[in-house]
Amino acid sequence: MQLNGIERFKSNVLRLKSNKVLKMTATNFYKDFDFQLLNSPEFKEDAVREELINPILKSLGYKAYGHNKIIYSKTLEHPFVKIGSKKRQINIVPDYLFEINGKYSWVLDAKAPNENILSGDHIEQVYSYAIHPDIHADIFALCNGKEFAAFKKDEKEPLLYFQLSEIDRHWDEIQKLLSPDYFVSQQIVSESQTEYKKHTKKDFDYLERKNLPEIPVKKQAAKRHFGIHGYFTKQSWNIVQDYITHFSKAGDVVLDPFGGSGVTAIEALMANRKAIHIDINPLSVFITSSLVVPVDFNLLSDEFDKLETKYTKTVPKTDVEIQKALKKYPYPKGNILPKGSDVETVEALFSEKQLAQLAYLKHLILKIKDKNCRNSFLLAFSSTITLINQTAHAGGSGGPNAAAFAYYRYRIAKQPSSFQVFDIYKRKYNRLYKAKQEIAPLINQNTIDNAQILKGTATDLSFIATESIDYIYTDPPYGAKIPYLDLSTMWNAWLGLDVSEDDRRLEAIEGGMQEKTKDEYVDLLTKSIYEMYRVLKFDRWMSFVFAHKDPHYWHAIVDTAEKAGFEYAGTVKQANGQTSFKKRQNPFSVLAGQLIINFIKKKTPKAIQRVNLGNDIYDLVLETIEAVIAQNEGATLEQINDELIMKGMELGFLHILSKEYKDLTPILMSEYDYVTETEKFHIRKNMKFKTRIPLDMRIKYFLLSYMKRKEAQGDKPTTDDIILDIMPLLRNGITPENQTILIVLKSIADEYEDNTWRLKQAGQLSLHL
């Protein structure tokens, strides 16, 4: 056996151990196979594929479809063959081509048992598949039923070589080199290095950054976030990642002072940035720090085996064992739940059996000596609690979940789930293991010092130096929507995490156990924005994620940011990929989706150019509503609310909306039809649009908003662009001629030689109604 390649691979920084759940032995693979058959001339290449190669590929996780795909016998045109003076097409056909996340990763060819796979023409043949211009795979392999050899395309010695009859001795190496997870981790490293080189160029200009368009959501595509631990809100990782890589460069410091589930910090680290995660909730700090802490995968796997063996043999099951365990092992006692809960204390959320078994499991975890392993196991334990309690509902559109996450209160389920503790724990551990494997190439012992994960308040960032942060992406609490500290009581109690009265006082929410008023919430948010301004460098960006139907909050955010010194740089609608139970239960009081407001810190910031709207904007509110309905052939509450808020920010009349139109629902319900099935508002049957605004004012209103939005995005629209984009917004009422739109356009914008338009900058724009 040749070990040179294997030893090189073992020294790789990943050092990932294969997941125990996927482990198989040679006996499992070939328990009914007689290797003496390989000596028969009747056992040929097709039998090698069917009997010996396919079981390996299946166990590695490859399928004929999906992200980890096998492509059988793909025909390739040979790029090098020329016969005489004429080129002739000769096709080559690899037996197996492996596609991981849309990229070719390696090729494999089957050979008959009597064929040599360590030297000669066969190696050259498979090598030609790997270097084909349509493939570009780094690894190629051959298998003749007796032996398996894998090569890197630029090395002579095999990376991996073994006899198939001894596959159990080599399974770890096989998974490390040829599993889909390995290739995914390599892709992550490669993409990160490419992005690092791109953003470390000297010509990276922060001021040239523009607003991003809406980004499709990919919540379940990253193992490092999906299924690790529930939280009350969670930003989609790919959206956060795109914002971080767009508004900062590699090596920059990214801050999230309302850190939540840790998506910002983790994605910053994955993008070769430094990350500061701050949250007043100790559960937030625990989840994030326990996920990113580096571990020895061999040790983690061994400790899990010991834990599983010990728990399975000695878990309390009988009534006598349960009562004995409740006396012996600590569990939460006397922790008061928030108002509105179905029971008074944390322990009342669990059956005695659940309490005893969870307490015993935690007792075993706390005995683990290695701190990083212990905290990782506690993270899986905390995630297990989510489903092992009397509020856990067995099903629903999002699957089983705790009431605190699904309904934002501790509501005992009519039919609580009957999951077994260690079944759930093992599932959570396996997901955590895969998540840590995924982040290990970029978040490890060499890079973990780039992360600061701290318990604290966004209202006091005094430990962060002035003008030391390169980018802020944050998702603060949305008013009275979620009292995070109150709802985290169950998890914090089990983990022994303290929440003080000062923590509750400093939590930026409305309501909660301290019954904070709207003004108190806005005051806390205001102090946070001033602190964010102080720590951010000049010419750097802040992205502020928010969702609320009351314009008062939006006005408070934008007004405070301007007073602090920020320049408003535009707002983007962004879906978050899910509809909560609260939204389905209260379609008119809870919004789905969110807006991302971008600000930039400049030494000479421009104030929002306010349009003179006169004393009454009711007609403009109706105009906007009807334009959205007309454009979308029916509009949801979110579409209408988002458009009004964005127009209020762009044209500077949020202050009026915040005073006179705190809730659009009465207007919408009284003036328009609502279709429950589609959740859309429509113009009432046999009714016309209600607009009473003169045509030129309507055109000007939409042109101003459109041109400001394009300016924020860095776009320079042409005449055709403007006509095509504005015309659908003017369907409610008399549709104007193109020439009419151009006449109004010239009054607010300047035309350039390339037939593009820019908004006039001087003076206040008026829109007298």
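Everything discussed here concerns the structure shown above.
Bear in mind that the values here come from a model prediction, so they are computed numbers and not experimental data.

Colleague: How would you sum up the overall build of the chain? Please name residues and give values.
Modeller: On a plain count of helices and strands, the chain comes out with 28 helices and 19 strands. Residue burial in the chain is summarised as follows: out of 769 residues, 55% are buried. Residue pairs at least 24 apart in sequence account for 72% of intrachain contacts in the chain once pairs closer than 6 positions are excluded.

Colleague: Tell me what's going on with the packing of helix H3 (residues 45-60) against helix H5 (residues 171-178), and back it up with residues and numbers.
Modeller: H5 packs onto H3 with a crossing angle of 70° between their chain directions and a minimal axis gap of 11 Å. Judged by the angle between their axes, H3 and H5 are roughly perpendicular. The handedness of the crossing between H3 and H5 is right-handed. Contact residues: H3 offers Ile56, Ser59 and Leu60, while H5 offers Trp171, Ile174, Gln175 and Leu178. Here the residues of the contact of H3 with H5 sort into five nonpolar, two polar and no charged.

Colleague: With reference to specific residues and values, describe helix H4 (residues 121-130).
Modeller: Residues of H4 that are buried include every one of His122, Ile123, Val126, Ser128, Tyr129 and Ala130, and no others. In this structure, the buried residues of H4 make contact with strand S3 (91-92), strand S5 (103-110), strand S6 (139-143) and strand S7 (147-152).

Colleague: Which residues make up the side chain of lysine 601, and what are the values?
Modeller: Turning to its location among the elements, lysine 601 is positioned in strand S15 (residues 594-601). Here lysine 601 is buried and forms no salt bridge, its nearest opposite-charge partner glutamate 467 lying at an N-O distance of 4.5 Å. When residues no more than four places from it in sequence are discounted, the contact partners of lysine 601 are Glu467, Tyr533, Arg534, Leu536, Lys537, Phe538, Asp539, Arg540 and Phe566.

Colleague: Explain the sheet that holds strand S8 (residues 160-163) to me, and be specific about the residues and the numbers.
Modeller: Spatially, six strands are ordered S1-S4-S5-S6-S7-S8 in an open sheet, and the strand pairing comes out mixed. The two strands at the open ends of the sheet, each matched to only one other strand, are strand S1 (68-72) and S8. Mean inter-strand twist for the sheet, computed between neighbouring axes without regard to direction, equals 15°. Where S7 and S8 come together, four bridges link them in antiparallel fashion.

Colleague: I'd love a proper account of the pattern of salt bridges, names of residues and values included.
Modeller: Enumeration according to the criterion identifies 28 salt bridges in this entry. Note that glutamate 438 is salt-bridged to arginine 224, the shortest N-O span being 3.1 Å. Note that glutamate 438 is positioned in helix H15 (residues 421-439) and arginine 224 in the loop between helix H6 (180-199) and helix H7 (237-247), a separation of 214 residues in sequence. You can call glutamate 438 buried: its relative accessible area is 9%. Between lysine 339 and glutamate 515 there is a salt bridge whose closest N-O contact spans 3.1 Å.

Colleague: Give me the lowdown on the nonpolar core, citing residues and values where you can.
Modeller: Ranked by internal contacts, the top residues of the largest apolar core, which has 180 residues, are Tyr243, Phe377, Tyr425, Trp491, Trp494, Phe544 and Phe599. For this core, the leading source of residues is H15, giving nine residues. Among the nonpolar cores identified, the runner-up in size contains 37 residues, and Ile100, Trp106, Leu108 and Leu178 belong to it.

The rules behind the values
Residues numbered from 1 in each chain as written. Predicted model: local features only at pLDDT ≥ 70, side-chain atom pairs only at ≥ 80, totals over all residues. Heavy atoms only, no water. Helix = DSSP H or I, 4+ residues; strand = E, 2+ residues; numbered from the N terminus. Buried < 20%, exposed > 50% of the residue type's maximum accessible area, 1.4 Å probe, protein only. Contact = heavy atoms within 4.5 Å. Axes fitted to C-alpha atoms, helices over the stretch in contact; angles between N-to-C directions. Parallel < 35°, antiparallel > 145°, perpendicular 65-115°, else oblique. Left-handed = near helix turned anticlockwise from the far one by under 90°. Nonpolar A, V, L, I, M, F, W, Y, C, P; charged D, E, K, R; others polar. Lys, Arg positive; Asp, Glu negative; His and termini not counted. Salt bridge = Lys/Arg side-chain N within 4 Å of Asp/Glu carboxyl O. Pairing = 2+ DSSP bridges. Core = buried A, V, L, I, M, F, W, Y, C linked by side-chain atoms within 4.5 Å.

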